[in-house]
Amino acid sequence: MAIPSEITQLVQRVNQELDQIEQNATEGLNLARAILNQFPENFIVVQLLAFLNTSIFYAETSRTWIQTRVEDISDSQVSREQVIQEAGEELARELGRVLETKIRVRNIKSRLEFLQ
């Protein structure tokens, strides 16, 4: 079954947001490592570093989940409308989680930039 354009657009949007999470998290990791070199026992920076690492892992696992979901839609033998509706709802929820993570990563990166 062909993937509806609405679902394709939603997948593209989520992937764009995940790209931004990875980019900001990677930049934040570089900042955190530089700060930790100067202050190796700074517990707050260690926590921020851990969150940024987790965010990159989250982006990777989200991409895998999205790809699996798209494949499920393509291979589905169930009612087309039901599959599309469920996929849209799941992807919309995932977009919400992605945007929340993106905001947190951006805020952490800003905090780290301020500390330098």
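Residues numbered from 1 in each chain as written. Predicted model: local features only at pLDDT ≥ 70, side-chain atom pairs only at ≥ 80, totals over all residues. Heavy atoms only, no water.

Chemist: Residues and numbers for the packing of helix α2 (residues 43-75) against helix α3 (residues 80-115), please.
Modeler: With their axes 10 Å apart at the nearest point, α2 and α3 run at an angle of 160° to one another. Judged on the interaxial angle alone, α3 and α2 are roughly antiparallel. Crossing of α2 against α3: the hand is left-handed. (Axes fitted to C-alpha atoms, helices over the stretch in contact; angles between N-to-C directions. Helix = DSSP H or I, 4+ residues; strand = E, 2+ residues; numbered from the N terminus. Parallel < 35°, antiparallel > 145°, perpendicular 65-115°, else oblique. Left-handed = near helix turned anticlockwise from the far one by under 90°.)

Chemist: Before we move on, could you go through the environment of V70 and cite the residues and values that matter?
Modeler: Checked against the element boundaries, V70 lands in helix α2. Between the C-alpha atom of V70 and that of T8, which follows or precedes it by 62 residues, the distance is 8.8 Å. Once residues lying within four places of it in the same chain are set aside, the contact partners of V70 are I3 and V11. (Contact = heavy atoms within 4.5 Å.)

Chemist: Break down the side chain of N24 for me, with residues and values.
Modeler: Tracing the sequence through the fold places N24 in helix α1 (residues 5-38). Residue class for N24 comes out buried when judged on its relative accessible area of 15%. Polar contacts involving the side chain of N24 include one to the side chain of K109, which spans 3.4 Å. Not counting chain neighbours up to four residues away, the residues in contact with N24 comprise V105 and K109. (Buried < 20%, exposed > 50% of the residue type's maximum accessible area, 1.4 Å probe, protein only. Polar contact = N/O pair within 3.5 Å; in protein donor to acceptor, adjacent residues only side chain to side chain.)

Chemist: Report on the side chain of S62, specifying residues and quantitative values.
Modeler: By the secondary structure assignment, S62 is in helix α2. Taking the relative accessible area as the measure of exposure, S62 reaches 3% and is therefore buried. In this structure S62 touches L18 and E94, once residues within four positions along its chain are discounted.

Chemist: Pulling in residues and values, what's your account of the environment of I73?
Modeler: You can see I73 is positioned in helix α2. Along the sequence, I73 and V83 sit 10 residues apart, while their C-alpha atoms lie 6.4 Å from each other.

Chemist: Describe in detail the pattern of salt bridges, supporting the description with residues and values.
Modeler: Counting across every chain of the model gives nine salt bridges. For E22, the salt bridge identified is with R63, shortest N-O distance 3.0 Å. With a gap of 41 residues between them, E22 in helix α1 and R63 in helix α2 connect regions that are remote in the sequence. Salt-bridge contacts for E27 lead to K109; the nearest nitrogen and oxygen are separated by 2.4 Å. Of this pair, E27 sits in helix α1 while K109 sits in helix α3, and the two are 82 residues apart along the sequence. (Salt bridge = Lys/Arg side-chain N within 4 Å of Asp/Glu carboxyl O.)

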